[in-house]
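What follows is the residue order along each chain.
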Amino acid sequence: MNSNWKDIFGPGSQFDYRFVKTYEETAERVKALRQLNQKIVLTMGTFDILHIGHIEFLEKAKKQGHYLFILLESDESIRKLKGKNRPFNSYEDRAKLLAGLETVNYIILLPEFKNEQYDKLIKSLKPDTIATTKGDPARHHKERQAKMVNAKLIDVIGKISNQSTSRLVKILKKDHWL
């Protein structure tokens, strides 16, 4: 095994080991894990204000395999999706928060992508499972991607009532914290 990959199985909890900076690095990590017959679980999202719903989702997603990869939406993508005042936490801060969770193995930044670019990345990762939340509005894209790489698409959790970043924002605005 390449000596650069000794840390894949070592300190792991450190941000530098969990944050995958290039797609080439992603491919190398996936290749090393595949050689060891490790199952890869993939999920994606914004993870702007980390809350219990995120934690429960990530814990259940991780149980679907050995290594959990997160495709983390860029600040620009979140602004387009959720408005000019979002995200509350920068990409770097969101990545560091996720890297501090035992369940998360690798975090990959998503630039603004077109579907074809997402597809290319999914093909390079070849996850065994794509984890999602029941009722995910992007489910049709994830179904297509799962079929494309012969992965399982699993709803690992339903929506947890009263647990969302949008709900927290409403409460903070109502109470004049924002």
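Calculation rules
- Residues numbered from 1 in each chain as written.
- Predicted model: local features only at pLDDT ≥ 70, side-chain atom pairs only at ≥ 80, totals over all residues.
- Heavy atoms only, no water.
- Salt bridge = Lys/Arg side-chain N within 4 Å of Asp/Glu carboxyl O.
- Helix = DSSP H or I, 4+ residues; strand = E, 2+ residues; numbered from the N terminus.
- Buried < 20%, exposed > 50% of the residue type's maximum accessible area, 1.4 Å probe, protein only.
- pLDDT = per-residue confidence, 0-100.
- Contact = heavy atoms within 4.5 Å.
- Pairing = 2+ DSSP bridges.
- Axes fitted to C-alpha atoms, helices over the stretch in contact; angles between N-to-C directions.

### Focus: the pattern of salt bridges
Right, so step 1: Within this structure, the stated rule accounts for eight salt bridges.
Right, so step 2: Its salt-bridge partner being Arg-86, residue Asp-48 comes within 3.0 Å of it at the nearest N-O pair. In this pair, Asp-48 sits in the loop between strand E2 (40-45) and helix H3 (52-62) while Arg-86 sits in the loop between helix H4 (75-82) and helix H5 (91-99), placing the two residues 38 residues apart along the sequence. Both residues of the pair, Asp-48 and Arg-86, count as buried.
Right, so step 3: Between Asp-136 and Lys-142 there is a salt bridge, with its nearest N and O atoms 2.3 Å apart. For the pair Asp-136 and Lys-142, a shared accessibility class is recorded, and that class is buried.
Right, so step 4: Through salt bridges with shared partners, one network takes in Arg-139, Glu-143 and Asp-155.

### Things to note about the confidence of the model for the chain
Right, so step 1: With 81% of its residues at a pLDDT of 70 or more, the chain shows a mean pLDDT of 85.
Right, so step 2: Mean pLDDT across the secondary structure elements of the chain bottoms out at helix H8 (residues 165-174), with 65, and peaks at strand E5 (residues 129-133), with 97.
Right, so step 3: The model gives residues 1-12 a pLDDT under 50, and that stretch makes 17 contacts with residues more than four places away or in other chains.

### Considering the sheet that holds strand E6 (residues 152-157)
Right, so step 1: Read from one edge to the other, the open sheet built from six strands follows the order E1-E4-E3-E2-E5-E6, with strand pairing classed as parallel. Edge positions in the sheet fall to strand E1 (19-20) and E6, since each has one partner strand and no second.
Right, so step 2: The strands touched by H5 are E1, strand E3 (67-73) and strand E4 (106-110); relative to E3, the strand with the most contacts, the crossing angle is about 165°.
Right, so step 3: Contacts from helix H6 (residues 115-125) reach E2, E3 and E4 within the one sheet, and its direction differs from that of E3 by about 165°.

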